[in-house]
Amino acid sequence: MLAADKLLLECRIARNTTELKRKEFSLHHLNLTTVGTQAAVLAGFGATALIEFGPPKDADRGLLFLFWTCNMISLASNVLCLAETTMLSVCASSLSTRGADGSMVRAVDGIYQLRRRVFYLFWLGVVSTLLSGVFGAWIIFGAVEASLLSSILVAALVAFARARRSIKEAFFFAPCDAVSFDDLRRVAGARV
């Protein structure tokens, strides 16, 4: 009787631990799809610039080079971000639902480890989009207008950097402070 009660308890712990990991997986999955959607919008801006931007014939070649470099960095980083979020979502979902015992934990841990690269690509796309706007203003407009427009975009970059830093500080927690299910996984064994 005791052995059966122990087995029942272990199964309940395994089920509840898996359910908690599923909630964590859903959170990471939602975050990735949100970033991927925004990266797709920014990639659309870059592709539109490729098609629609017609610089004046006498435009400064240095400014054109900087504009197109920033635009290509934006397009490439946003398309890579979109591709990686898509692959992570599909592969992690497949692993978490159809994998062997312990697959949910592997899927959650994998998404959590790879999310930094996705965020880096996204932020690189945002910054390079704003910088291409600065160089585009100098290509199209005179010095007075370009200065005003550039100051607006540079102010947006500064605000962006400050917001990123304050958000990171507000929501930072050390890895040792994170909730861990290792003790429950030891009890539940390989079922989680």
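Just so it is clear, the model here is predicted, and its values are computed rather than measured.

Undergrad: Tell me about a nonpolar patch on the surface, and please be specific about residues and values.
TA: The grouping of Ile140, Phe141, Leu148, Leu149 and Ile152 at the surface amounts to a nonpolar patch, some 460 Å² of accessible area in total. If one sorts the elements of the nonpolar patch by residue count, helix α4 (residues 143–171) sits on top with three residues.

Undergrad: Break down the pattern of salt bridges for me, citing the residues and quoting the values.
TA: Applying the stated criterion across every chain, the model contains three salt bridges. Close ionic contact of Lys21 with Asp109 constitutes a salt bridge, the shortest N to O distance being 3.9 Å. Taken as a pair, Lys21 in helix α1 (residues 2–52) and Asp109 in helix α3 (residues 103–140) lie far apart in primary sequence, 88 residues in all. Here Arg117 makes a salt bridge to Glu84, at a shortest N to O gap of 2.6 Å. Taken together, the positions of Arg117 in helix α3 and Glu84 in helix α2 (residues 61–98) put the pair 33 residues apart, joining distant regions of the chain. For Glu84, a relative accessible area of 15% corresponds to the buried category. Taken together, the shared-partner salt bridges connect Lys21, Glu24 and Asp109 into one network.

Undergrad: Talk me through the packing of α3 against α4; I want residue IDs and the actual numbers.
TA: One can describe the packing of α3 onto α4 by two numbers: an axis separation of 8 Å at closest approach and a directional angle of 165°. Taken together, the axes of α3 and α4 are roughly antiparallel relative to one another. In the crossing of α3 with α4, the sense of the turn from one axis to the other is left-handed. Touching Trp123, Val126, Val127, Leu130, Leu131, Gly133, Val134, Ala137 and Trp138 of α3 are Ala143, Ala146, Ser147, Leu149, Ser150, Leu153, Val154, Ala156, Leu157, Phe160 and Arg164, all from α4. Residue classes in the contact of α3 with α4 are distributed as 16 nonpolar, three polar and one charged.

Undergrad: Which residues make up the packing of aromatic side chains, and what are the values?
TA: What the rule picks out here adds up to five aromatic pairs. Chaining the aromatic ring pairs together yields one cluster made of Phe53, Phe67 and Trp68.

Definitions and cut-offs
Residues numbered from 1 in each chain as written. Predicted model: local features only at pLDDT ≥ 70, side-chain atom pairs only at ≥ 80, totals over all residues. Heavy atoms only, no water. Patch = residues over 30% accessible without salt bridge, like charges linked within 9 Å, V, L, I, M, F, W, Y side chains within 5 Å. Areas by Shrake-Rupley, 256 points an atom, 1.4 Å probe, with all protein chains shown as cover. Salt bridge = Lys/Arg side-chain N within 4 Å of Asp/Glu carboxyl O. Helix = DSSP H or I, 4+ residues; strand = E, 2+ residues; numbered from the N terminus. Buried < 20%, exposed > 50% of the residue type's maximum accessible area, 1.4 Å probe, protein only. Axes fitted to C-alpha atoms, helices over the stretch in contact; angles between N-to-C directions. Parallel < 35°, antiparallel > 145°, perpendicular 65-115°, else oblique. Left-handed = near helix turned anticlockwise from the far one by under 90°. Contact = heavy atoms within 4.5 Å. Nonpolar A, V, L, I, M, F, W, Y, C, P; charged D, E, K, R; others polar. Phe/Tyr/Trp six-rings, centres within 6.5 Å; stacked < 30°, edge-to-face > 60°.

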